[in-house]
Amino acid sequence: MAAIAPWATAALSGRVLATAASPLDANDICYRLPKVPQPEFLPMSRAEMERLGWDTLDILLVSGDAYVDHPSFGSALLGRWLCAAGFRVGIVAQPRWDSPADIMKMGRPRLFVGVTAGALDSMLAHYTAFRKKRHDDAYTPGGAAGARPNRACIVYTSMVRHAFPGIPVVIGGIEASMRRISHFDFWADSIRRSILLDSKADLLVYGMAERAIVEIATRLDSIAHNTNAHPPTALHGIRGTAYVAGNPDMSASPHPGPLQEGEGIKLPSHEDILANPRLLMTATLAMEREAHNGLAWLVQMNQKRALVIAPPAAPLGSNELDELYSLPFTRLAHPSYSKVPPALEMIQFSVTSHRGCAGGCSFCALAIHQGRHISSRSADSILSEVTSLTKHPAWRGSLTNIGGATANMWNAACKGNQAKCQRPSCLWPHICAHFSPDQQSLADLMKSVSKLPGVKHLRTASGVRHDLALTDLSYLQSVVGEFTGGQLTVAPEHNSSRVLSLMRKPPFAEFERFLAAFDRISRQCGKEQYVIPYLISAFPGCTVEDMKELAAWLRQKNWKPQQVQCFIPTPGTVASAMYCAGIDPDGNPIRVAKTDAERLQQHGILCADERSHPRSNHHFLDSRKEKVQHSVAKPKRDLNRR
Ligand code: SF4
């Protein structure tokens, strides 16, 4: 890859690089407009708009998920955030795609339309690891499948263009974010170009969108007040976004030294990647690195057009997260629904404590979407939210979770220089000396939450990073002794050191140490409880022999895994680049099980009953990791006792 000079990126953006050189100040982006009172629910119909006294919307959000007014649902989160910034927002959820009528029912919005496929990539939501149609959808009322189209961002954008000619369309969410450059598409079994080009949207927002979406709304609002027509470059140069420009002069000589803030990197072109899939690894690693370092502009040529990716938006700070999660979410599905989406039942009383994951696992979308930087809410804010939950009409006393993608990273911080960090993970191949977790404070917080009036149960059921937990035995004592309700799901993923290294997971010996500590603490507390391991079959580099060794370890433990995830190469991850190109991140060849027969063979070694009849994958999909979260049945005691 060649570096491109700052002037080149300035020319591409059509703006001076002030936005890159001077990251948006948190205090600049919000609350500078007259506040719009927060409605009980964001409107989904003209009648609701009229009840609010709104003649027109400023922004329409179109989503592939049902509208559930919960902060884990992106449209609700961003809709309320935009309201707090002074904009009137409506939601069209899961519109029909044979007609633009649903999209048009609240009228043309004044500023722009935001489009998302929902909490999951629409292809992942629709198809199993063996490309079979799923029969359910946790983000749809009643769990019914088929409420959104395949490749929802592309389909919805086309419908919006038809409904409201000329309106700016912005795509975002996990589908847009992870498909922002050339990527491998498992379902088409091919490398696709950026979804921004395929959708023909004006702008793509990647990562967590709060800063970018308010900046987009503010820019378009100021143009609307002045000219009522936005120039094509009006949205260029916003951090956390990508746009398409003409053919820039990329002849600038490669930069001789380390990148400076605001400088750019030229990725392998889409055509070069198609001709040589090994370059997909080069491009994916660069995207991953810059999502972490947060400085460089990325440019990828597609024939004669340049896809320009601005540096990521700065993560929200603690005060901003506190503000965001204090917005008046009802934690209910919109009253127009007669059935509840299953996802709501699972997360209605869970609390987000932080964002980001320092792990950087190669199969996980999170580090490329949210980043490895951990942003944490304050303890006061979390306690206040739980207190408000205890007054919710559906509250029964149980808080199902406090956490983020990884339960025990609340308040963790990098004490080094993140912008210059070259590591792909803060925890792998060993925990970085600059990584500073704060698990004792987390244990104290959980104790405080559990003592709040009205809280009967607080459980940690999953998400504990076991290598990190071992660095603070008093935290582990709290989790196992006080907050594990019989089972704790942990993710060793495999026992082969070679496969674990490709996954960027800790050595298996760490998991065995964790098991020993878990058993000891459980015995000391007089509790009979179990660890449920997440395991992955058919990971790139994993062989039949590796799976047999894993099966032998499980047999020796007398464990029978109830379900094992067969690796799905989801768009944009490093593991998907491995799968596609058949190389590890260093370019060394690896064996990859690609045919259904090869994948089933590996999968069947742990799940014999699925060898001939793979399950329909009835499960809840974890939007944070785009990873199948196994609905592991309670283990048979005789098989799982250690
Ligand atoms: S320096 Fe260490 S702790 Fe900081 S971001 Fe890099 S790997 Fe993580």
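Here is what the cut-offs are and how they apply
Residues numbered from 1 in each chain as written. Predicted model: local features only at pLDDT ≥ 70, side-chain atom pairs only at ≥ 80, totals over all residues. Helix = DSSP H or I, 4+ residues; strand = E, 2+ residues; numbered from the N terminus. Buried ≥ 20, exposed ≤ 12 C-beta atoms within 10 Å, placed from the backbone. Contact = placed C-beta atoms within 7 Å. Pairing = 2+ DSSP bridges. Near = placed C-beta within 6 Å. Nonpolar A, V, L, I, M, F, W, Y, C, P; charged D, E, K, R; others polar. pLDDT = per-residue confidence, 0-100. Core = buried A, V, L, I, M, F, W, Y, C linked by C-beta atoms within 7 Å. Right-handed = clockwise from strand over helix to strand, strands pointing away. Axes fitted to C-alpha atoms, helices over the stretch in contact; angles between N-to-C directions. Parallel < 35°, antiparallel > 145°, perpendicular 65-115°, else oblique. Left-handed = near helix turned anticlockwise from the far one by under 90°.

1. Digging into the overall build of the protein
Turning to step 1, where the next piece is worked out: From N to C terminus, the protein includes 26 helices and 25 strands.
Turning to step 2, where the next piece is worked out: Expressed as a percentage of its 642 residues, the buried residues of the protein come to 52%.
Turning to step 3, where the next piece is worked out: Restricting the contact set of the protein to residue pairs at least 6 apart, pairs at least 24 apart contribute 79%.

2. Points about the sheet that holds strand β23 (residues 565–566)
Turning to step 1, where the next piece is worked out: Judged by pairing direction, the sheet is parallel, and its 3 strands sit side by side in the order β21-β22-β23 without closing on themselves. Looking along the sheet, the strands with just one partner apiece sit at the ends: β21 (487–493) and β23.

3. A short note on the environment of E40
Turning to step 1, where the next piece is worked out: Positionally, E40 belongs in the loop between α3 (26–29) and α4 (46–52).
Turning to step 2, where the next piece is worked out: Once the C-alpha coordinates of E40 and L52 are considered, the two residues, 12 residues apart in sequence, prove to be 9.9 Å apart.

4. Section: the site of the ligand
Turning to step 1, where the next piece is worked out: Taken together, A358, C414, G416, Q418, C421, R423, C426, C432, H434 and F435 are the residues near the ligand.
Turning to step 2, where the next piece is worked out: Within the shell around the ligand, the residues separate by chemical class into 6 nonpolar, 3 polar and 1 charged.

5. Concerning the environment of L279
Turning to step 1, where the next piece is worked out: Relative to the assigned elements, L279 resides in helix α13 (residues 278–293).
Turning to step 2, where the next piece is worked out: For the pair formed by L279 and G587, sequence separation is 308 residues and the distance between their alpha carbons is 9.6 Å.
Turning to step 3, where the next piece is worked out: If near-sequence neighbours (up to four positions away) are discounted, L279 is found in contact with P268, D272 and I273.

6. A closer look at the pairing of strand β3 (residues 89–93)
Turning to step 1, where the next piece is worked out: Among the 5 residues of β3, 5 are classified as buried, and the element is accordingly described as predominantly covered.
Turning to step 2, where the next piece is worked out: Here β3 shows no split at all, with V89, I91 and A93 on one side and G90 and V92 on the other all buried.
Turning to step 3, where the next piece is worked out: Inspection of the sheet shows strand β2 (residues 59–63) paired to β3 by 5 bridges, in the parallel sense. Residue pairing across strands places S63 opposite A93, the latter belonging to β3.

7. A look at the confidence of the model for the protein
Detail in the predicted coordinates should be disregarded across regions flagged by low pLDDT.
Turning to step 1, where the next piece is worked out: On average, residues of the protein score 87 in pLDDT, and 86% of them are at 70 or above.
Turning to step 2, where the next piece is worked out: Ignoring residues within four places in sequence, the model shows residues 1–33, a span with pLDDT below 50, making 80 contacts including any to other chains.
Turning to step 3, where the next piece is worked out: Low confidence marks residues 249–259, where pLDDT is under 50. Its contacts with residues over four positions away, or in another chain, come to 15 contacts.

8. Details of the nonpolar core
Turning to step 1, where the next piece is worked out: By size, the foremost hydrophobic cluster in this structure holds 179 residues, and its most contacted members are I59, L82, V115, I216 and A217.
Turning to step 2, where the next piece is worked out: Filtering out sequence-adjacent residues up to four positions away, I59 remains in contact with L82, F87, V89, P109, L111, F112, G114 and A217.

9. Here's the deal with the pairing of β2
Turning to step 1, where the next piece is worked out: Burial of β2 is extensive: 5 of the 5 residues sit out of reach of the surface.
Turning to step 2, where the next piece is worked out: Taken together, β2, helix α5 (residues 74–84) and β3 constitute a β-α-β crossover, and its handedness is right-handed.
Turning to step 3, where the next piece is worked out: Sheet analysis places β2 next to strand β4 (residues 112–116), joined by 5 bridges and oriented parallel. Of the residues in β4, the one forming a bridge with V62 is V115.

10. Some remarks on the packing of helix α20 (residues 473–482) against helix α22 (residues 508–524)
Each pair of packed helices gets described by two things: the angle between the helix axes and the distance between those axes.
Turning to step 1, where the next piece is worked out: Here α20 crosses α22 at 60°, and the two axes come no closer than 9 Å. The angle between the axes of α20 and α22 places the two elements in the oblique class. Once α20 is placed against α22, the crossing between them reads as right-handed. Across from L476, Q477, V480 and G481 in α20, the residues of α22 making contact are A517, F518, I521 and S522.

11. Structural notes on α20
Turning to step 1, where the next piece is worked out: Listing the buried residues of α20 in full gives Y475, L476, S478, V479 and V480.
Turning to step 2, where the next piece is worked out: Buried-residue contacts for α20 involve α18 (439–450), α19 (466–469) and α22.

12. Description of the packing of α18 against α20
Turning to step 1, where the next piece is worked out: Two numbers describe how α18 lies on α20: the axes approach to 8 Å, and their chain directions differ by 30°. On the basis of the axis angle, α18 is roughly parallel to α20. The handedness of the crossing between α18 and α20 is left-handed. Counted together, Q439, Q440, L442, A443 and M446 of α18 and S474, Y475 and S478 of α20 form the full contact between these two elements.
Turning to step 2, where the next piece is worked out: Its residues placed into classes, the contact of α18 with α20 shows 4 nonpolar, 4 polar and no charged.

13. As for unusual backbone geometry
Turning to step 1, where the next piece is worked out: For the bond running from W428 to P429, omega is 5°, close enough to zero to count as cis.
Turning to step 2, where the next piece is worked out: The phi dihedral of K200 falls on the positive side, at around 65°, and the residue is not glycine.
Turning to step 3, where the next piece is worked out: Summarising the element assignment, K200 is placed in the loop between α10 (195–199) and β8 (203–205).
Turning to step 4, where the next piece is worked out: For K200, a count of 13 C-beta atoms within 10 Å translates into the label partly exposed.
Turning to step 5, where the next piece is worked out: Positive phi, normally seen in glycine, also occurs at E493, with a value near 75°.
Turning to step 6, where the next piece is worked out: Along the polypeptide, E493 turns up in strand β21.
Turning to step 7, where the next piece is worked out: Since 26 C-beta atoms lie within 10 Å of it, E493 is described here as buried.

14. Section: helix α25 (residues 596–606)
Turning to step 1, where the next piece is worked out: Here α25 has its buried residues at R599, L600, Q602, H603, I605 and L606.
Turning to step 2, where the next piece is worked out: On its buried face, α25 sits against β22 (530–537), α23 (544–557) and β23.

15. Focus on the environment of Q562
Turning to step 1, where the next piece is worked out: Of note, Q562 is situated in the loop between α23 and β23.
Turning to step 2, where the next piece is worked out: When the 16 C-beta atoms within 10 Å are taken as the criterion, Q562 is described as partly exposed.
Turning to step 3, where the next piece is worked out: Spatially, the C-alpha atoms of Q562 and C607 are 7.6 Å apart, while their sequence positions differ by 45 residues.

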